[in-house]
There are 2 protein chains.
Amino acid sequence: MKPERGPLRVALLGCGVVGTEVVRLLREQAADLAARVGAPLELAGIAVRRPDRVRAGVDRSLLTTDAQALVTRDDVDIVIEVIGGIEPARTLMLEAMKTGKSVISANKALLAEDGATLFAAAREYGSDLYYEASVAGAIPLLRPLRESLVGDHVHRVLGIVNGTTNYILDQMDTHGAGFNDALEEAQALGYAEADPTADVEGFDAAAKAAILAQLAFHTPVTAADVHREGITEVSAADVAGAKGMDCVVKLLAICERVPSEDGRNGRGVSVRVYPAMIPRSHPLASVREAYNAVFVEAESAGSLMFYGAGAGGAPTASAVLGDLVAVARNVVGGTPGPVEVTYAKLPVLPMGETVTRYYIQLDVADEAGVLATVAEAFAQHGVSIQAVRQVGLGEEAQLVVVTHRAPDAALSATVRGLRGLDIVREVASVMRVEGEE
Amino acid sequence: MKPERGPLRVALLGCGVVGTEVVRLLREQAADLAARVGAPLELAGIAVRRPDRVRAGVDRSLLTTDAQALVTRDDVDIVIEVIGGIEPARTLMLEAMKTGKSVISANKALLAEDGATLFAAAREYGSDLYYEASVAGAIPLLRPLRESLVGDHVHRVLGIVNGTTNYILDQMDTHGAGFNDALEEAQALGYAEADPTADVEGFDAAAKAAILAQLAFHTPVTAADVHREGITEVSAADVAGAKGMDCVVKLLAICERVPSEDGRNGRGVSVRVYPAMIPRSHPLASVREAYNAVFVEAESAGSLMFYGAGAGGAPTASAVLGDLVAVARNVVGGTPGPVEVTYAKLPVLPMGETVTRYYIQLDVADEAGVLATVAEAFAQHGVSIQAVRQVGLGEEAQLVVVTHRAPDAALSATVRGLRGLDIVREVASVMRVEGEE
């Protein structure tokens, strides 16, 4: 007869906002977790930098500053990494796998920069590596992509994956606020950091886009592969222009399979983060405040959307616990779960080859022949105009142009061409349009 | 050295709309599926009742009318059941598990009526039993509940899980159509069956509610436990009344943990299906046409929503394939996935004990003292009024009353009391209000 399984021992790396929530859930949900895993879960130790800091509900005797010793201890089965950053997180996770532990991580930066090294180690040592919490907090997103849609063919992932920027853009849309005012309000409410660079410049969203693209297309993608534009240049005029188009401006993470002429797998993938207009009728348009949502288009499943709180200690800890139960069951059962497969190895295409649509607003001289001159600038680059509209007269005259789909290189060359025209006083707004065919 | 793994052999029971899509995906995605599973997947046979029927893209040499022989064949590893109904599906699935096969099913009726027998067999024979396709088509919902949220504590599941009724109610809301006109249109467009009973009377939604409640609360729930009301009685007046409240009428499947005074697990669960008003600001309110969406409230994860096409051959087949890859990986790895755990065994509370809110519209005599008499009828049953509003005058006088939360038994006793009052000419509309605290 199989002997009764003793407790599974868990080491926690980091004990900040997420870590303390993980400790709380492990204690409060202990009976439930044991029933679901088939064995009790027990905290073996918690690695922190400042053991003297007060952490409510955390047993101080478990604290250690020697993370290296903790992850290699023989009596540890599973390591949860919630330190963040590249090092020492990477070394600690690799050490843990090397000594037979399975690993759960919420570290989007590391997974987006060097996931390949971690996946290779997981394969080599037969370890589990789960990281649901790294993208969109508690929204179950990686597991559906990794597992539920694994028999389907994903065409596109379109997501709002950064709560800070969504809050700012939502304020700009709802109250007509400028970027700086909306940022200040977000900071006052705790939605934005004192240094908001990682959020407003799109670095956070780009890391998540890399992780999503890799899972959706089974192809290696790092954060450096992602074309990235932040929202600091989004003006009240851009937001008003979107309203005029019955659209809303959102910072989108877009992962797209680019079809080739002959094969279904496509000639590559396009992975990009930028502010873009989407129609108000699109399900993503109604995602308000700091919520996150990810829209997935798959061949058979059609359009799916996943919505929820994308950050915060409790939601992130919930995602960690979901992974912990899966990993613990695998440990009890003696077999690891599925390892990442990047067998498709599609190339990541440069932004210039990505096909998209532009909305362009021009301050123009109000004189005969303006429209012909502008239209010629588009035609020179092979860009076809879907709609053009004149707004205002005289000194206030503006042309609003929406293009058909065209390669981004042709579109940006067109904008450069427009800037060089005498009759164009200013290119007042340029924004991509997404979310429709 | 481990020998190279031969192909995994799959038996398909049923080859209708979903079955033919499964066959197509198995063929078209063969290379991808093999890469993800670690072994090729091969169709061993397809059990059908009418082998002479034309099925595009289906190899006729695989067809058999002897389902019993197919599921017990030694060269079959995995059985996919897309026949529907209770028998012979149940017997075939049990035979398959008994002879060592793992089973994937899209059969909501069977899982909701007698899931317990199937789960017991899966446990006894060490088989996998996966059934993502049984609820909400391709929307990954069961897997998040089974796995991602397993370390969390689900309070409530609130869902639109029937596309037909959502299409009808959406038409009534958008165009002011009556129920019968909207049903006819849904039938003309293929969204409703010639005999629409299973959809419009809520049987389909009730089966899905039972499956969701069981997973969310780890407690056995069958379709017979679900309080069920359909939408045939929903009138244009109800829909207009909802509009006046800035609400929309949706057929909701609601699974709720009912808290006790002393313990977190609650004194039971409430599982019910009925048309109810929800605020237009609620994420479920914007679910249009035949789409499905399920809103989950969990302690740590907060509010999550899952949205997509809830039915159709291709979406359902996508969910089956997702399960197939998971099960096939487990077969290759030699260990089954997690079996259902219903360790919590919470009682299902009768509808009368469920706490909810009522919207009541009364045609009343326009005379002094009416409001006092009506208010007294509520007070007699301990029901507290949140808001009351008079609409119209004289012969047209109406009172609109919205209650605070109260046990359903007290609310329905109040309505009976109102019907017996001389000054109440008619109770024009009674509808529950959900989606807010």
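Conventions used here
Within every chain, residues take consecutive numbers counted from 1 along the sequence as written. All chains are assigned letters beginning with A, and all ligands numbers beginning with 1, in the order in which they are written. Only residues with pLDDT of 70 or above have their local features reported here, since the model is predicted, and side-chain atom pairs are shown and tallied only from 80 upward, although totals for entire chains, interfaces and linings are computed over all residues. The basis for every side-chain value is the complete set of non-hydrogen atoms in the structure, without hydrogens or water. Least-squares superposition aligns the copies on the C-alpha atoms of those residues with pLDDT at or above 70 in both. What makes two residues a contact is simply this: any of their non-hydrogen atoms within 4.5 Å. UniProt positions are given in the numbering used here, feature names are shortened, and annotations may be inferred rather than shown by experiment. Each helix corresponds to a stretch of at least 4 residues labelled H or I by DSSP, and each strand to a stretch of at least 2 residues labelled E; elements are numbered beginning at the N terminus. Between N-to-C directions, angles cover 0 to 180 degrees, with each direction set by a line fitted to C-alpha atoms, over the stretch in contact for helices. Oblique is the label for every angle not falling under 35 degrees (roughly parallel), over 145 degrees (roughly antiparallel), or within 65 to 115 degrees (roughly perpendicular). Left-handed describes a crossing whose near helix is turned anticlockwise from the far helix by less than a right angle; the clockwise case is right-handed. Ten residue types, Ala, Val, Leu, Ile, Met, Phe, Trp, Tyr, Cys and Pro, are classed as nonpolar, four, Asp, Glu, Lys and Arg, as charged, and the remainder, Gly among them, as polar. Under the scheme applied here, a residue whose accessible area is under 20% of the maximum for its type counts as buried, over 50% as exposed, and between as partly exposed, the area being computed with a 1.4 Å probe on protein chains only. Only four residue types enter the tally: Lys and Arg on the positive side, Asp and Glu on the negative side, with His and both chain ends excluded. A pairing counts as a salt bridge when a side-chain nitrogen of Lys or Arg comes within 4 Å of a carboxyl oxygen of Asp or Glu. Polar contact is the term for a pair of N or O atoms within 3.5 Å; when the atoms are in protein, one must be able to donate a hydrogen and the other to accept it, and sequence-neighboring residues count only if both atoms are side-chain atoms. Segmentation into domains, and thus their bounds, comes from an automatic or database assignment. Throughout, the accessible surface (probe 1.4 Å) given up by two parts as they are put together, summed over both, is called the buried area. One requirement defines pairing of two strands: DSSP has to find at least two bridges between them. Note on terminology: a nonpolar core comprises buried Ala, Val, Leu, Ile, Met, Phe, Trp, Tyr and Cys residues joined through side-chain atoms within 4.5 Å. Pairing of aromatic rings covers Phe, Tyr and Trp, the last counted by its six-membered ring, and requires centre-to-centre distances within 6.5 Å; plane angles under 30 degrees mean stacked, over 60 mean edge-to-face, and any other angle means tilted. A ring is scored as having a charge over it whenever the NZ atom of a lysine or the CZ atom of an arginine sits within 6 Å of its centre and within 35 degrees of its normal. Note that the arc is defined by the directions from the helix axis to the C-beta atoms.

Draft legend 1. Quick look at the relation of the copies chain B and chain A. Between chain B and chain A, the superposition needs a rotation of 180° and an axial shift of 0.0 Å, giving an RMSD of 0.0 Å. Such a combination of rotation and displacement between the chain copies is what one expects of a two-fold axis. In terms of C-alpha distance to the rotation axis, chain B has Phe306 of chain B as its closest residue, with the C-alpha 2.4 Å off the axis. By residue overlap, the copies meet face to face through one surface: 100% of the interface positions of chain B are interface positions in chain A.

Draft legend 2. Region of interest: the UniProt feature "binding site: L-homoserine" (unreviewed entry) in chain A. The UniProt feature table records "binding site: L-homoserine" (unreviewed entry) at Glu193 of chain A. Within the secondary structure, Glu193 of chain A sits in the loop between α8 (179-188) and α9 (197-200).

Draft legend 3. Spatial organisation of the packing of helix α4 (residues 89-98) of chain A against helix α5 (residues 108-125) of chain A. All names here are of chain A. The N-to-C vectors of α4 and α5 enclose an angle of 10°; their axes lie 9 Å apart at closest approach. Judged by the angle between their axes, α4 and α5 are roughly parallel. Regarding α4 and α5, the two cross each other, and that crossing is right-handed. Along the contact surface, α4 presents Ala89, Arg90, Met93, Leu94, Met97 and Lys98, while α5 presents Leu110, Asp114, Thr117, Leu118, Ala121, Ala122 and Tyr125. Grouping the amino acids of the contact of α4 with α5 by side-chain chemistry returns 9 nonpolar, 1 polar and 3 charged.

Draft legend 4. Quick peek at the side chain of Arg257 of chain B. In this structure, Arg257 of chain B sits in strand β9 (residues 247-258). The buried charged residue Arg257 of chain B lacks any salt bridge partner; its closest oppositely charged side chain belongs to Asp32 of chain A, at an N-O distance of 5.7 Å. Here the side chain of Arg257 of chain B touches Val154 of chain B through a polar contact of 2.9 Å, landing on its backbone oxygen.

Draft legend 5. Here's a closer look at the domain arrangement of chain A. Residues and elements named next belong to chain A. Each assigned domain of chain A is listed with its residue range as follows: domain 1 (8-138 + 314-333), domain 2 (148-309) and domain 3 (352-433). Contacts between the two partners involve 16 residues from domain 2 and, on the opposite side, 14 residues from domain 3. For the pair domain 2 and domain 3, the two sides together bury roughly 1,200 Å², of which 54% comes from carbon and sulfur. Among the residues domain 2 hides against domain 3, the three largest losses belong to Asp238, Met245 and Met277. Together they make up 40% of the total. At the junction of domain 2 with domain 3, the criterion picks out 2 salt bridges. On the surface where domain 2 and domain 3 come into contact, there are 5 residue pairs in polar contact (both at pLDDT 80 or more). Contributing elements (two or more residues each) for the side of domain 2 that touches domain 3: α11 (236-244) and β10 (268-279). Examining the composition of the side of domain 2 that touches domain 3, we find that 6 residues originate from one element, β10, more than from any other. For the side of domain 2 that touches domain 3, the class distribution of residues is 8 nonpolar, 4 polar and 4 charged.

Draft legend 6. Representation of the sheet that holds strand β1 (residues 8-13) of chain B in the model. Residue and element names in this part refer to chain B. The strand order across the open sheet formed by 6 strands is β3-β2-β1-β4-β5-β6, and the pairing between neighbours is parallel. A single partner strand is all that each edge strand has here, and the edge strands are β3 (63-64) and β6 (129-130). Bridge count for β1 against strand β4 (residues 78-81) is 4 bridges, and the pairing is parallel. Bridge pairing links Leu13 to Glu81 in β4. Packed onto the sheet, helix α1 (residues 17-28) meets β1, β2 (41-47) and β4 and runs at close to 155° relative to β2.

Draft legend 7. Inspection of the pattern of salt bridges at higher detail. Residue and element names in this part refer to chain B. Following the criterion strictly, the structure yields 42 salt bridges over all chains and no others. Here Arg280 and Asp173 are joined by a salt bridge, their closest N and O atoms 2.7 Å apart. Pair noted here: Arg280 is in the loop between β10 (268-279) and β11 (291-298) and Asp173 is in helix α7 (residues 163-175), with a separation of 107 residues, a long-range link. The exposure class of Asp173 is buried, given its relative accessible area of 11%. Here Asp408 ties to Arg432 by a salt bridge, and the two come within 2.8 Å at their closest N and O atoms. Linking Asp408 in helix α14 (residues 408-419) with Arg432 in strand β17 (residues 424-433), this pair joins segments that are 24 residues apart in sequence.

Draft legend 8. Summary view of the sheet that holds strand β5 (residues 102-105) of chain A. Residue and element names in this part refer to chain A. In spatial order, the strands read β3-β2-β1-β4-β5-β6; together these 6 strands make up an open sheet with parallel pairing. Edge positions in the sheet fall to β3 (63-64) and β6 (129-130), since each of these pairs with one other strand and no more. Against the sheet, α4 contacts β1 (8-13), β4 (78-81), β5 and β6, and its axis sits at roughly 155° relative to β5.

Draft legend 9. Examining unusual backbone geometry more closely. All names here are of chain A. The amide bond that connects Glu87 to the next residue, Pro88, takes the cis arrangement and shows omega of 5°. Mapped onto the secondary structure, Pro88 falls in the loop between β4 and α4. Phi at Asp246 takes a positive value of approximately 60°, unusual for a residue other than glycine. Here Asp246 lies in the loop between α11 and β9 (247-258).

Draft legend 10. Focus on the nonpolar core. The biggest cluster of nonpolar side chains holds 168 residues, and the ones touching the most others in it are Ile168 and Leu212 of chain A together with Val154, Ile168 and Leu212 of chain B. Excluding residues that lie within four positions of it along the chain, Leu212 of chain B makes contacts with Val135, Leu141, Leu142, Leu145, Val157, Val161 and Cys255 of chain B.

Draft legend 11. Representation of the packing of aromatic side chains in the model. Applying the stated criterion across every chain, the model contains 7 aromatic pairs over all chains. Between Tyr167 of chain A and Tyr191 of chain A the ring centres are 4.5 Å apart and the planes differ by 35°, which places this aromatic pair in the tilted class. Residue Tyr167 of chain A is located in helix α7 (residues 163-175), and its partner Tyr191 of chain A is located in the loop between α8 and α9; the two are separated by 24 residues in the primary sequence. Assessed through its relative accessible area of 35%, Tyr191 of chain A is described here as partly exposed. Ring geometry for Tyr291 of chain B against Tyr307 of chain B: centres 5.1 Å apart, planes inclined by 10°, an arrangement best described as stacked. Of this pair, Tyr291 of chain B sits in strand β11 while Tyr307 of chain B sits in strand β12 (residues 302-309); the two residues are 16 residues apart in sequence, bridging distant segments of the chain. Judged by its relative accessible area of 28%, Tyr291 of chain B falls in the partly exposed class. A relative accessible area of 10% means that Tyr307 of chain B is categorised as buried. Over the ring of Phe203 of chain A we find Arg228 of chain A, and its NZ or CZ is 3.8 Å from the ring centre. A cation over an aromatic ring shows up here: Arg432 of chain A above the ring of Tyr274 of chain A, its NZ or CZ 4.2 Å from the ring centre.

Draft legend 12. Spatial organisation of helix α13 (residues 370-380) of chain A. Residues and elements named next belong to chain A. Along α13, the residues classified as buried are Val370, Val374, Ala377 and Phe378. Summarising the axial view, the buried residues of α13 lie within an arc of 95°, below the 170-degree limit, and thus occupy one face. Those residues of α13 that are exposed and angled more than 90 degrees off the buried face are Ala372 and Gln380. In this fold, the buried residues of α13 make contact with β13 (355-364), β14 (385-391), β15 (398-403) and α14 (408-419).

Draft legend 13. View of the interface of chain B and chain A. Of the residues lining the interface, 48 residues belong to chain B; the matching set on chain A comes to 48 residues. In total, about 4,100 Å² of surface goes out of reach between chain B and chain A, with carbon and sulfur atoms giving 50% of it. The largest contributions to the chain B side of the interface with chain A come from Arg36, Ser300 and Tyr307 of chain B, which together make up 15% of the buried area. Along the contact surface separating chain B from chain A lie 0 salt bridges. If you list the elements that add at least two residues to the side of chain B that touches chain A, you get α1, α2 (30-37), α6 (142-146), β12 and α12 (313-333) of chain B. Ranked by residues supplied to the side of chain B that touches chain A, first place goes to α12 of chain B with 8 residues. Here the side of chain B that touches chain A is composed, by residue class, of 24 nonpolar, 12 polar and 12 charged.

Draft legend 14. Quick peek at the pairing of strand β15 (residues 398-403) of chain B. All names here are of chain B. In terms of burial, β15 is largely enclosed, as 6 of its 6 residues are buried. On β15, burial covers both faces: Gln398, Val400 and Val402 on one face and Leu399, Val401 and Thr403 on the other are all buried. When strand β13 (residues 355-364) meets β15, the two strands line up antiparallel, connected through 5 bridges. Among the inter-strand pairings, Tyr359 is bridged to a residue of β15, identified as Val402. Of the pairings in the sheet, the one linking strand β14 (residues 385-391) to β15 comprises 6 bridges and is antiparallel in character. Residue pairing for β15: Ile385 is matched across the bridge by Thr403. Joining the antiparallel neighbours β14 and β15 is a turn of 6 residues, in which Gly392 adopts a positive phi near 75°.

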